[in-house]
Amino acid sequence: MEEKFYMIGAFEFVADVQIIKGKLEAEGIPVFLRDENTLNSDPLISNAIGGVKLQVYTKDKDRALEIYNEIRAYALDGDGNPIVCPNCKATKSEAYYERKSIFHRLFPFFEKRKYKCLNCGIITKPE
């Protein structure tokens, strides 16, 4: 029987995913880090390959997402306060980049940061 994987998230640096990986494994969920070795040998290509991908078996998806959402870091403003969604007032947002143009795909650091609310899905620009 072939096992299928579900990608929990992608992270720019391998170090960013290690605590989440450890927590999931401590809860008995097998974790796989796709492109980990590639980024360990050349971390500068992270944006080009989409970072290191945290994957679990599809059968463990719901429990893994529950654990991940308990411990994940949400976006903060310049003063260290959580970003508040203007639509639903939730404080669970993450940085979001569209990378629609070829320029922003080649040079993602030029794109202005936006935030995506993980509660309602609205995308906002920082003030």
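As the structure is a prediction and not an experimental result, all values here were calculated from the model. (Residues numbered from 1 in each chain as written. Predicted model: local features only at pLDDT ≥ 70, side-chain atom pairs only at ≥ 80, totals over all residues. Heavy atoms only, no water.)

### Topic: helix H4 (residues 61-71)
Working step 1: Restricting attention to buried positions, one finds in H4 the residues Ala64, Ile67 and Tyr68. Seen from one end, H4 has its buried residues packed into an arc of 100 degrees, which puts them on one side. Across from the buried face of H4, at angles greater than 90 degrees, the exposed residues are Asp62 and Glu70.
Working step 2: Among the structural elements, strand S1 (5-11), helix H1 (14-26) and strand S3 (52-57) are those in contact with the buried residues of H4. (Buried < 20%, exposed > 50% of the residue type's maximum accessible area, 1.4 Å probe, protein only. Helix = DSSP H or I, 4+ residues; strand = E, 2+ residues; numbered from the N terminus. Arc of directions from axis to C-beta. Contact = heavy atoms within 4.5 Å.)

### A closer look at the side chain of threonine 124
Working step 1: Its place among the elements puts threonine 124 in strand S6 (residues 123-124).
Working step 2: For threonine 124, a relative accessible area of 19% corresponds to the buried category.
Working step 3: Leave out the neighbours within four places in its chain, and threonine 124 touches Pro86, Lys114 and Tyr115.

### A look at the pairing of strand S5 (residues 114-117)
It is a general feature of regular strands that their side chains alternate between the two faces of the sheet.
Working step 1: Inspection of the sheet shows strand S4 (residues 93-96) paired to S5 by four bridges, in the antiparallel sense. Note on S5: the bridge partner recorded for serine 93 is cysteine 117.
Working step 2: Of the pairings in the sheet, the one linking S5 to S6 comprises two bridges and is antiparallel in character. Residue pairing in the sheet places lysine 116 in a bridge with isoleucine 123 of S6. (Pairing = 2+ DSSP bridges.)

### A few points about the confidence of the model for the chain
Working step 1: Per-chain confidence: the chain averages 85 in pLDDT, with 98% of residues scoring 70 or above.
Working step 2: Mean pLDDT across the secondary structure elements of the chain bottoms out at helix H5 (residues 102-106), with 77, and peaks at strand S2 (residues 31-34), with 95. (pLDDT = per-residue confidence, 0-100.)

### A look at a nonpolar patch on the surface
Working step 1: Taken together, the side chains of Ile102, Phe103, Leu106, Phe107, Phe109 and Phe110 define a hydrophobic patch exposed on the protein surface, amounting to about 680 Å² of accessible area.
Working step 2: Secondary-structure assignment places phenylalanine 107 in the loop between H5 and S5. (Patch = residues over 30% accessible without salt bridge, like charges linked within 9 Å, V, L, I, M, F, W, Y side chains within 5 Å. Areas by Shrake-Rupley, 256 points an atom, 1.4 Å probe, with all protein chains shown as cover. Salt bridge = Lys/Arg side-chain N within 4 Å of Asp/Glu carboxyl O.)

### A word on the packing of H1 against H4
Working step 1: Closest axis-to-axis distance for the H1/H4 pair is 10 Å, and the angle between their directions is 135 degrees. One way to sum up the angle between H1 and H4 is to call them oblique. Handedness of the crossing formed by H1 with H4: right-handed. In contact with Ile20, Lys23 and Leu24 of H1, H4 contributes Ala64, Ile67, Tyr68 and Ile71.
Working step 2: Class assignment for the residues of the contact of H1 with H4 results in six nonpolar, no polar and one charged. (Axes fitted to C-alpha atoms, helices over the stretch in contact; angles between N-to-C directions. Parallel < 35°, antiparallel > 145°, perpendicular 65-115°, else oblique. Left-handed = near helix turned anticlockwise from the far one by under 90°. Nonpolar A, V, L, I, M, F, W, Y, C, P; charged D, E, K, R; others polar.)

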